[in-house]
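# A structural walkthrough
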Amino acid sequence: MPELAFSRRAALRGLGAAGLLAALTGCGVPAAYVPEDRRQGQDLSDRDRSLSFSNWPLYIDTDDEDEESRPTLAAFTERTGIEVRYTEEINDNDEFFGKVSPALMNHQTTGHDLVVVSDWMAARFVHLGWAQKMDRSAQANVARHLDPQLASPAFDEGRLHTVPWQSGITGIAYNRKALGREIKSVKDLWHPDLAGKVTLFSGLDESYSLLMQGNGADVTRWTDTDFHRMCDQVESMVKKKHVRRFTGNDYTSDLSKGDVLACQAYSGDVIQLQADNPDIEFVVPEEGAELWAESLLVPNLARHKANAEALVDHYYDPAVAAELAAAVNYVCPVPAAREVLAGSPDKETAQLAENPLIFPDDDMRKRLVVARDISSAERPSFAKRWNAIVGL
């Protein structure tokens, strides 16, 4: 089984990005918001055939014999002549935000042409005016193949400034053999036979949607009441010691070792866990689950915007998207890639086309929603309450 990547939807800790932003603005730093007409710098793409692309670790295809070789990037360079300086430097959303925010607040270049961040963090970039509008006239593949369910989140209607890199589902994973029964609902997590054998995500942005859905909330337009009702419920379960602990991506180890029987989980991780233990199942609960994405964006003043846009469109070619999906096993944001995988002469690769955790079927899609993000006004008080429960 490939090494599991740590959580790409990392927890909000300590001061966090929102606190950092407030601190900077309180120290005489110029107003953070950048209007659309001030975001684009001099684009050197025509004379400098290169770009800088920053991503998370273990989040791209690699050659079986050379882990430093990334076939889909090499194919892009061969086709276009554009060299890609690829770095795996994004280890935490807030950490990365803290790294680039001083430059963006002061209307300076970050040195990045293209980055991948979780959509709740992408929302922050968009709201602050720190992401450039992409030229869709130069992105025919994106226009044609982007998954309609991901095409217009509330924070970026029409996906003008962001494009999903990969997507995923936050649902429930459990060991059916060890538990001895099925889990179909979020409410099943609170059953007495799971006391002390349940973990939840520690990050507010990772946790809230699924737990609210378990209470019947419409997470596309959830309210303060929905949030505090969810917190009251979790707080009660913590006091009863029903929740073993709150985790990042280390939940995979707990589940594999049998220390927990059920947990909040990401679909992509579970595909990898199932390779070693077929008794582990992933559930999209009856009440629904969150469909999320980690998205590509071009920061303000990027020096190679057109080159970056060409790379984005490259990954929306169904053949390229299929190659990436086969490597990382997350929900593919290019549904047309399914036919490409189905036609593979390799049996294992072809079977990926039938995996609903990579290509959700119609029944599953009916239960998947894109949750509204937490606003900057809500975040301080909500994070304070959640972190007190979690112990951060």
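Described below are features of the structure shown in this document. Fair warning: this is a prediction, and the values are worked out from it, not measured in the lab.

Moving on, we come to empty space enclosed by the protein. Applying the stated criterion across every chain yields a total of three cavities of 30 Å³ or more. Of the volumes computed, that of the largest cavity is approximately 190 Å³. Lining the largest cavity are 18 residues, and of these D119, W120, E290, V370 and A371 sit closest to its centre. Tallied by class, residues from the lining of the largest cavity come to eleven nonpolar, no polar and seven charged. The computed volume of the second largest cavity comes to approximately 40 Å³. Taken together, P164, W165, Q166, Y315, Y316, A321, L324, P333 and V334 make up the full set of residues lining the second largest cavity. Listing elements by their share of the lining of the second largest cavity, those giving two or more residues are β4 (162-175) and α12 (318-328). When residues in the lining of the second largest cavity are grouped by element, the largest group, three residues, is from β4. When its residues are assigned to classes, the lining of the second largest cavity shows eight nonpolar, one polar and no charged.

An α-helix turns once every 3.6 residues. As a result, residues three or four positions apart point the same way. Burial of helix α4 (residues 119-128) is extensive: nine of the ten residues sit out of reach of the surface. Listed as buried for α4 are D119, W120, M121, A122, A123, R124, F125, V126 and L128. Following α4 by one or two positions, G129 adopts a phi angle in the positive range, close to 75°.

This paragraph deals with the packing of helix α7 (residues 204-214) against helix α8 (residues 224-239). Their axes nearest at 10 Å, the elements α7 and α8 cross at an angle of 95°. Classified by the interaxial angle, the pair formed by α7 and α8 is roughly perpendicular. Residues L204, Y208, L211 and M212 of α7 lie in contact with α8, whose contacting residues are D226, F227, M230, Q233 and V234. For the contact of α7 with α8, a count of residues per class yields seven nonpolar, one polar and one charged.

Let us look at the pattern of salt bridges. For side chains bearing opposite charge, pairing can occur when the charged atoms are close. Overall, the coordinates contain 22 salt bridges when judged by the stated rule. Here R245 ties to D250 by a salt bridge, and the two come within 3.1 Å at their closest N and O atoms. Residue R245 is classed as partly exposed on the basis of its relative accessible area of 29%. Among the ionic contacts, a cluster of salt bridges with common partners joins R176, E182, K184 and E281.

The subject of this paragraph is the environment of L160. Considering the arrangement of structural elements, one finds L160 in the loop between α5 (140-145) and β4. Taking the C-alpha atoms as reference points, L160 and E95, separated by 65 residues in sequence, lie 25 Å from one another. If we skip the residues at most four places from it in the chain, L160 touches Q132, K133, M134 and R136.

The buried fraction of α7 amounts to eleven of the eleven residues, a majority that puts the element mostly inside the structure. The set of residues buried in α7 consists of L204, D205, E206, S207, Y208, S209, L210, L211, M212, Q213 and G214. Positive backbone phi, at 85°, marks G216, one or two positions downstream of α7.

Before going further, it helps to examine the packing of helix α2 (residues 71-80) against helix α11 (residues 305-314). For the pair α2 and α11, the least separation of the axes is 11 Å and the interaxial angle reads 125°. Taken together, the axes of α2 and α11 are oblique relative to one another. Relative to α11, α2 is oriented so that their crossing is right-handed. Residues T72, L73, A75, F76 and R79 of α2 pack against N307, A310, L311 and H314 of α11. A per-class count over the contact of α2 with α11 returns five nonpolar, three polar and one charged.

One non-glycine residue, L58, lies in the positive phi region at around 60°. Within the fold, L58 resides in the loop between β1 (50-54) and α2. A relative accessible area of 43% places L58 in the partly exposed class. A positive phi angle is found at R159, which is not glycine, with a value near 50°. Note on placement: R159 falls in the loop between α5 and β4.

It is worth spelling out the packing of aromatic side chains at this point. Inspection of the entire model under this criterion finds 17 aromatic pairs. On the basis of an interplanar angle of 55° and a centroid distance of 5.3 Å, the ring pair of Y208 and W222 is categorised as tilted. Note that Y208 is positioned in helix α7 and W222 in the loop between α7 and α8, a separation of 14 residues in sequence. The buried category is assigned to Y208, whose relative accessible area is 3%. W222 sits in the buried class, given a relative accessible area of 2%. Joined through ring pairs, the aromatic side chains of Y59, F201, Y251, Y266, W292 and Y330 make up one cluster. A cation sits over an aromatic face here: R124 above F97, 5.3 Å from the ring centre. The ring of W222 carries the charged tip of R372 above its face, separated from the ring centre by 3.8 Å.

For D254, the location among the structural elements is in helix α9 (residues 251-257). Apart from the residues lying within four places of it in its own chain, the contact partners of D254 are T199, R245, T247, D259 and V260.

On to the pairing of strand β9 (residues 289-297), then. Most of β9 is tucked away, with nine of its nine residues classed as buried. Summarising the sheet, strand β3 (residues 114-118) and β9 pair through four bridges and their orientation is antiparallel. Across the sheet, V115 pairs through a bridge with L297, a residue of β9. By the bridge criterion, eight bridges tie β4 to β9 in an arrangement that is antiparallel. By the bridge assignment for β9, I169 is matched with L291. The sheet contact formed by β9 and strand β10 (residues 368-369) spans two bridges and is parallel. Looking at the pairing, E290 lines up with V369 of β10.

What counts and how
Numbering of residues starts from 1 in each chain and follows the order in which that chain's sequence is written. pLDDT decides what is reported in this predicted model: residues at 70 or higher carry local features, side-chain atom pairs at 80 or more are listed and counted, and totals for whole chains, interfaces and linings draw on all residues regardless. The side-chain quantities take in all heavy atoms of the structure and omit both hydrogens and water. For cavity detection a 1 Å grid was placed over the protein atoms alone, and a set of points counts as a cavity when a 1.4 Å probe fits there but cannot get out; an open set counts as a pocket when protein lies on both sides within 12 Å along at least five of seven lines, with lining residues being those that have an atom within 4 Å of a point. Grid points are joined across faces, edges and corners, and a volume is the space filled by probe spheres set on the points. Asp, Glu, Lys and Arg are counted as charged, while Ala, Val, Leu, Ile, Met, Phe, Trp, Tyr, Cys and Pro are counted as nonpolar; the rest, among them Gly, fall into the polar class. Secondary structure counts use DSSP, requiring at least four H or I residues in a row for a helix and at least two E residues in a row for a strand, with both numbered from the N terminus. Think of it in three bands: with a 1.4 Å probe and only protein chains considered, a residue is buried below 20% of the maximum accessible area for its type, exposed above 50%, and partly exposed in between. All axes are obtained by fitting lines to C-alpha atoms, using only the stretch in contact for helices, and the reported angles, taken between N-to-C directions, cover 0 to 180 degrees. Each angle gets one of four labels, with under 35 degrees taken as roughly parallel, over 145 as roughly antiparallel, 65 to 115 as roughly perpendicular, and the rest as oblique. Throughout, a contact is declared for two residues whenever any of their heavy atoms are within 4.5 Å. The salt bridge criterion pairs a side-chain nitrogen of Lys or Arg with a carboxyl oxygen of Asp or Glu, the two atoms within 4 Å. Crossings are sorted by hand: turned counterclockwise from the far helix by less than a right angle, the near helix makes the crossing left-handed, and turned clockwise it makes it right-handed. Within 6.5 Å between ring centres, the rings of Phe, Tyr and Trp (the latter by its six-membered ring) count as paired, and their orientation is classed by plane angle as stacked under 30 degrees, edge-to-face over 60, tilted in between. Definition used: whenever NZ (Lys) or CZ (Arg) falls within 6 Å of the ring centre and also within 35 degrees of the ring normal, the charge is taken to sit over that ring. The pairing criterion for strands is at least two bridges between them, as found by DSSP.

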